[in-house]
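Take a look at the letters that make up each chain.
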Amino acid sequence: FGLLLLPKSSRWQNDVLSDRQSTHSALLKILHFGLPQPPTITLQSPKDYIFDPRENIVIHCEAKGKPQPSFSWTRNGSHFDVEKDSKVLMKPGSGTLVIDISQEKAEAYEGTYQCTAHNEHGTAVSNNIVIRQSRSPLWSKERNEAIVVQKGVSLVLQCRPPAGLPPPVIFWMDNNFQRLPLDKRVSQALNGDLYFSNVLPEDTRSDYICYARFPHTQTIQQKQPISVTVLDSSPDGERRPGFMLPLGTTSTQMVLRGETLELECIADGLPTPDISWQKDGGELPSSRTSFHNFKKTLKISDVNEADGGAYRCTATNNLGTVHHIIKVTVNAAPFWVSAPRNLILAPNETGILMCRVSGEPKPQISWFVNGVPIENAPEDHSRKVDDDTVILSSVQSGSSAVYQCNASNAFGYLMANAFVSVLAEPPRVLTPPNRVYQVITNNPALLHCASFGSPIPTITWFKDSQISIKNGDPYVIREDGTLEIHVAQPLNSGKYTCIATNNLGIKENHVFLEVKEPTRILKQPEYKVVQRGMSAVFECKVKHDPSLHPTMTWLKDKGELPDDERFEVGTDSLIIKDVTDEDEGTYTCIMNTTLDQDSASAMLTVVEKPDPPTDLELTDQTERTVQLTWTPGDEHNSPTQKFLIQYEDLLHEPGVWINLTEVAGTSTTAQLNLSPYVYYSFRVRALNNVGYSEPSQPSRQYRTNPAAPDENPSDVHGVGLEPGNLVISWTPLTGFQSNGPGLEYKVQWRQKDVEENWSSKNVANVSQYVVSGTPTYVPYEIKVQALNDYGSGPDPEVVIGYSGEDLPLSAPDSVRVMVHSSTLAEVHWEPVAFPSVRGKLQGYKVYYRRERGLHETEKETKEEEQVLSFSGNRSEGRLPGLQPYSVYSVFVKVLNSKGEGPPSPSKTFETPEGVPEQPSFLNVVNHGMDSLTLEWGPPTNNNGRLAGYTLGYQPGINYTSELGPVKVMTFLANETTVTLGNLNASMLYKFYLSARTIKGPGPNITQEASTAMDTTVPSRQVDIATQGWFIGLMCAIALLILVLLIVCFIKRNKGGKYPVKEKEDAHQDPEIQPMKEDDGTFGEYSDTEDHKPLKGSRTPSNGTVRRDESDDSLVDYGEGGDGQFNEDGSFIGQYSGKKEKDTHEGNESSEAPSPVNAMNSFV
């Protein structure tokens, strides 16, 4: 109950109402604490009570109060003594009456009843309850005359049921209890009459029966049947519409506010008119408007004052239009604007009771106190009545009472009880102590402080027992004391204290707020398109507050998942195995906690290959075309992209289906182009995203008539396989292409530009024809034409072929050789005349052989002959990879498709000197403490006159990867040993030895060796190994070496480095690493090699080394080679004894000065 409490010094305001204590909560609090309370009616029967005479009458009246109220009744305005009537029983502790009418006349208990509930603090009264017996009277006996009408006229069959209580429900049926069909022409009015806008012969029948069903007694009364006969002898013609109900052009209707307005228009006419509705000067309320009875009835629910006005119904047929206007007036029985509310006041407080009602016409308001008109009640100077308001000023203890407000007009009344209870009570907090409230971040939080007291306590709030909370962001203190936090955040968590205070005391209560993280779905399930039989996986990954225990639920189409082991629910996923069509739908994952939830949905679409098309039919048949139609099969949720039409040729290739054409997936017909002399059978396959359907059932067979060929053989060629012939070949037509029986081929030929007439020959069942006695390799014009029993194919195209080739007759002339370097020569010749080629020129072959070397000591030995081919009409070619200082012979042949011609005269040439190969061996044969003896052997191939040897050597430093300075020595060609003195004892040396000619040094051979260890020790030398300082020094050195090794290991892993010796050992070819021709220096070596150990190193696994690039590749010389060479076949290497900080990548190395160049710079 809303109430207004004003301090003694305040003035009241009509528009101020307090919501701090509702009626219900106030009653609960008063009863909870056992405080005095005036009576309050809690249950009563409706104002209009229609009872079934077969059952007892039960009139409800329940009330609460402290002390428990007593009950009494009035009937028809007079006291009803319940105890004197043995048929009437009042339930114990209640005012409810139970009247036994089983052996009494029910009419004796009809009347108006009112219940009164009374205790020492006041009296409450119920509404006036009108008790009436339900009635279902019989139909008065009557005799219905048979109705005879002409076809086309209008007709009304009246029902006029007996008046019942409540009114009966009307419907029309026949003798078989079947409802009569209703439509736009035949309809039932709201009063139950049956209207025919125009009658037809089929309306003739003798059993039009109106039935009335009475709801309370569940009885049905039947009217006597009506007979209708429709004559067709002189039918009524077409006519304009006219209204049968309501009559005239205007009518009026009244409706009460809140009820349903029902407007009805039924028109006659032929043809049957259409009915439409509109409101003059306004729109029909769409949300509350409905049409019934084939738009003949307009209903507007929950009517209000704005629904009054003029409503126009219009009847229309093809002969005209007619209107009827219904003027609607809206009245209103009294309805509450604000009902009076219970007041709980402290002594000396002021309160207001307001009874605000509305209605049309305006209701009259009457006030009662404890059931007595207020003007007849004992005088109370603290009470003032002002129309719909009662003001109670400075109330005193003992002035509690129950006030009644009655508002009535011509259409009804309202009556309400409101008690005024005067109490003096200290504050009490009803919210349980230490209650814990949990909310989700960013949601509202409501902390309750339900209290009771009189005067009404004032509520204040504190956070963490210290911070006083005032109204304002983010806090709002409601009128009922509830603390509201609009958008709760984690920092709002904590302990809250509410304090209730009035002038009689103070009371506090503690509650706690916990703000939790929201539950959120991080990865939502996604839309899935899955083929039948496959698996579908929906993911649903969730984040939630760790203190909450979530529960994940999966739904299918908002219902539970099927009870099927194919559905596997994981912690964050749903797997559906072996998907079927029934699995299609919307799947939702819901993550629930005790505070919130989040959900996400995704659809599953199950797809499959289309079903095969059906109902193949052939229409519009001609000699070369036919139309094929079909019915598509089920697409299984994947639209058909195209249809593939295939055919089987039952005459030529039975059992083989061939693709004929394709059409769009939206088509169901195809115009097919056909060939003659084919026994067709067609089938169709559908394609969607999943794949092709199974083939349809074949169509019926369709045979086309034979005809002359449409095409000639393809791929016609003329080639001579041997001298004097020409083989003409072609690809035969298939049986499908033959177009008819008796397929043959007409082969025609003539020598191009020589013969005018064609030679011809007809052949069958072959794919070639051989023409004999042709000249050698001359062009022929050729054509092949298809024939059958029905004619010839189109004119064939002419192709050019050549007769057979023979070996060339001539050899190339003027062969000469130009020597470019010790390893490269170039051969030139005069090409042969084309007639002597006697075929298609393929190119030239150059044959060359090394006859002997130019060394005086070398024996003359002939090596294997080598061949290079040069395509096309060439006149020169290069010969790479020659051996220096040698004698070669060469000759040339011409080449055609048949073979090689005779050789040219042989020519000889010499190659100049080149750099030698590396020495055959290098050995250390004597190890002294300060000397080493070396022996070596000459190169296997000197490639010229040997001029001598160059030896370079350098010491290692402390057995590390570093090398000392290089020393160089030269020797004559006949010297093959040397003893090196003045060397350091126990020292590792590295040696480089190369042979040289006048062209420069060849590649190096390397070797490593150590001098012997010095074992002499002075006799008085102290054994320092036992000295402490020495042991400490050695430990420091060992630690330093360990650090250095780690650093070296790291640097080594940053780049691929390998030692010089292994690099040289990987390349023994003298043509690969000779000494430089220009300065006679050693080959260059990357400084990165100096960082490698001298012993036990490995070359790269692929054994690759860097070579100088050359423009002379075997690709340029002919089809015989693909390697690269310098002109002299050389490769320039590099040594270095100097350490540089260059990055080594792959087989590239940085250039560094040669140690020999360094030595020569001092000369």
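None of the values given here were measured: they were computed from a predicted structure.

**Student:** Sorry, what's going on with the environment of Leu182 here?
**Tutor:** Along the chain, Leu182 falls in the loop between strand E15 (169-173) and strand E16 (186-188). By relative accessible area, Leu182 is classed as partly exposed at 36%. With 14 residues separating them along the chain, Leu182 and Phe196 place their C-alpha atoms 9.8 Å apart. Setting aside residues up to four positions removed in sequence, Leu182 forms contacts with Ser187, Gln188, Leu194 and Phe294.

**Student:** Help me understand the environment of Glu826 in this model?
**Tutor:** Tracing the backbone through its elements, the reader meets Glu826 in strand E75 (residues 825-830). With relative accessibility at 14%, the residue Glu826 sits in the buried group. Placed 51 residues apart in sequence, Glu826 and Gly877 show a C-alpha to C-alpha distance of 5.8 Å. Of note is the side chain of Glu826, whose polar atom sits 3.2 Å from the side chain of Arg878.

**Student:** Explain the state of the cysteines here, please?
**Tutor:** Defined simply, a disulfide is a covalent bond joining two cysteines at their sulfur atoms. In total, this model carries 6 disulfides according to the counting rule given. Residue pairing for Cys265: its cysteine sulfur links by disulfide to Cys313, the two sulfurs lying 1.9 Å apart. Looking down the S-S bond of the Cys265 and Cys313 bridge, the torsion is -75°, so its handedness is left-handed. Of the two residues, Cys265 is situated in the loop between strand E23 (261-264) and strand E24 (266-270) and Cys313 in strand E28 (residues 309-317); the sequence distance between them amounts to 48 residues. For Cys313, a relative accessible area of 0% corresponds to the buried category. The disulfide that involves Cys355 links it to Cys405, with 1.7 Å between the sulfurs.

**Student:** Could you clarify how one ought to interpret the nonpolar core in this entry?
**Tutor:** Taken as a class, soluble globular proteins show a tendency for nonpolar side chains to be buried jointly. Counting 29 residues, the largest nonpolar core has Ile57, Ile59, Trp73, Ile99, Tyr113 and Ile131 as its most contacted members. Elements with a contribution of two residues or more to this core: strand E3 (48-51), strand E4 (57-59), strand E5 (61-66), strand E6 (70-75), strand E9 (97-99), strand E10 (111-119) and strand E12 (129-133). Looking at this core, the element that brings in the most residues is E10, giving 3 residues. Setting aside residues up to four positions removed in sequence, Ile99 forms contacts with Asn56, Ile57, Ile59, Lys87, Val88, Tyr109 and Tyr113.

**Student:** Looking at this model, I keep getting lost on the UniProt feature "transmembrane region" (unreviewed entry) in the chain. Mind explaining?
**Tutor:** Following the UniProt record, one finds the feature "transmembrane region" (unreviewed entry) at residues 1029-1050. The annotated region residues 1029-1050 carries 100% helix and 0% strand content, and the separation between its end C-alpha atoms amounts to 32 Å.

What counts, and at which threshold
Residues numbered from 1 in each chain as written. Predicted model: local features only at pLDDT ≥ 70, side-chain atom pairs only at ≥ 80, totals over all residues. Heavy atoms only, no water. Helix = DSSP H or I, 4+ residues; strand = E, 2+ residues; numbered from the N terminus. Buried < 20%, exposed > 50% of the residue type's maximum accessible area, 1.4 Å probe, protein only. Contact = heavy atoms within 4.5 Å. Polar contact = N/O pair within 3.5 Å; in protein donor to acceptor, adjacent residues only side chain to side chain. Disulfide = S-S within 2.5 Å. Core = buried A, V, L, I, M, F, W, Y, C linked by side-chain atoms within 4.5 Å. UniProt positions renumbered as here; feature names shortened; annotations may be inferred.

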